[in-house]
Amino acid sequence: MKRYLMFVALLGLGFGACKKEESVKPKEDTILIDGEEFGKEFVYRATSKILNIPKDSIYYNAATHTLNIDYLNFSMDMEKFATDLRTAKAENL
């Protein structure tokens, strides 16, 4: 009985040691638009739904502060898009 109890205790310690530690999640990439921070993934997802285009064709150019759409050769100034993003955020898109 003592061996069985020792085995269970060691087994419990072994599994406890293998438990994955929860570390601090890295901060999501954000885009500052008209004084408000939006997550990149949110901006891509909202733009994709609003314009009805694939999400993977959208990318943000930090140098020009524009949102570009690959296959349309189109770029959009982010400051002019802030109102639409706020509306999408309020509607939880």
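Residue positions are given per chain, counted from 1 along the sequence in the order it is written. Local features in this predicted model are restricted to residues of pLDDT 70 or higher, and side-chain atom pairs are both shown and tallied only at a pLDDT of 80 or more, whereas totals for entire chains, interfaces and linings draw on every residue. Where side-chain values are given, they derive from all heavy atoms of the structure, hydrogens and water being excluded.

Overview of the nonpolar core
Moving on, step 1. Nonpolar cores are built from buried Ala, Val, Leu, Ile, Met, Phe, Trp, Tyr and Cys residues. Side-chain atoms within 4.5 Å join them into one set. Classification of residues uses two cut-offs on accessible area relative to the type maximum, computed with a 1.4 Å probe and protein chains only: under 20% is buried, over 50% is exposed, and between them is partly exposed. In this structure, Ile33, Phe42, Val43, Leu67, Met78 and Leu85 are the most contacted members of the largest nonpolar core, which totals 18 residues.
Moving on, step 2. A run of H or I in DSSP becomes a helix once it reaches four residues, and a run of E becomes a strand once it reaches two; helices and strands are each numbered from the N terminus. Mapped onto this core, the elements with two or more residues apiece are β1 (30-33), α2 (40-51), β3 (58-61), β4 (66-69) and α3 (82-90).
Moving on, step 3. Of the residues forming this core, the biggest block, 4 residues, is contributed by α2.
Moving on, step 4. Setting aside anything within four residues of it in sequence, one finds Met78 in contact with Ile33, Val43, Tyr60, His65, Thr66, Leu67 and Leu85. Residues count as neighbours in contact if any of their non-hydrogen atoms are within 4.5 Å of one another.

Quick word on the side chain of Ser48
Moving on, step 1. Of note, Ser48 is situated in helix α2.
Moving on, step 2. By relative accessible area, which is 14% here, Ser48 ends up buried.
Moving on, step 3. In the analysis that follows, any N or O atom pair within 3.5 Å is treated as a polar contact, provided that within protein one partner can donate a hydrogen and the other can accept it, and provided that, for residues neighboring in sequence, both atoms belong to side chains. Engagement of the side chain of Ser48 in a polar contact is seen with the backbone oxygen of Ile53, the distance being 2.6 Å.
Moving on, step 4. Ignoring sequence-local partners within four residues, the contact set of Ser48 consists of Ile53, Pro54, Lys55 and Ile58.

Structural notes on the sheet that holds β3
Moving on, step 1. Reading across the sheet, the 3 strands line up as β3-β4-β5 and stay open at both edges, with antiparallel pairing between neighbours. Whereas interior strands pair on both sides, the edge strands pair on one side only; in this sheet they are β3 and β5 (74-77). Going from strand to strand, the sheet's axes swing by 25 degrees on average, the running direction of each strand aside.
Moving on, step 2. Two strands pair if DSSP finds at least two bridges between them. As judged from the 4 bridges shared by β4 and β5, these two strands associate in the antiparallel manner. Looking at β5, one finds that Ile69 is bridged to Phe74.
Moving on, step 3. Between N-to-C directions, angles span 0 to 180 degrees; the directions come from axes that are lines fitted to C-alpha atoms, helices contributing only their stretch in contact. In the packing of α2 onto the sheet, the strands contacted are β3, β4 and β5, and the crossing angle to β3 comes to about 130 degrees.

Looking at the environment of Asn68
Moving on, step 1. With respect to the helices and strands, Asn68 occurs in strand β4.
Moving on, step 2. With 10 residues separating them along the chain, Asn68 and Met78 place their C-alpha atoms 10.0 Å apart.
Moving on, step 3. Leave out the neighbours within four places in its chain, and Asn68 touches Ser57, Ile58, Tyr59, Asn61, Phe74 and Ser75.
Moving on, step 4. In terms of polar contacts, Asn68 uses its side chain to reach the side chain of Thr66, at 3.3 Å.

Brief notes about the pairing of β4
Moving on, step 1. Covered by surrounding structure in β4 are Thr66 and Asn68 together with Leu67 and Ile69, the residues of both alternating faces.
Moving on, step 2. Looking at chain direction, β3 and β4 are connected through 4 bridges and run antiparallel. Following the sheet pairing, Tyr59 is matched in β4 by Asn68.
Moving on, step 3. Counted along the chain from β3 to the antiparallel partner β4, the turn is 4 residues long, and its residue His65 has a positive phi close to 55 degrees.
Moving on, step 4. Hairpin connection from β4 to β5: 4 residues lie between these consecutive antiparallel strands, with Asn73 at a positive phi of about 50 degrees.

Nothing here speaks to function; it is geometry throughout.
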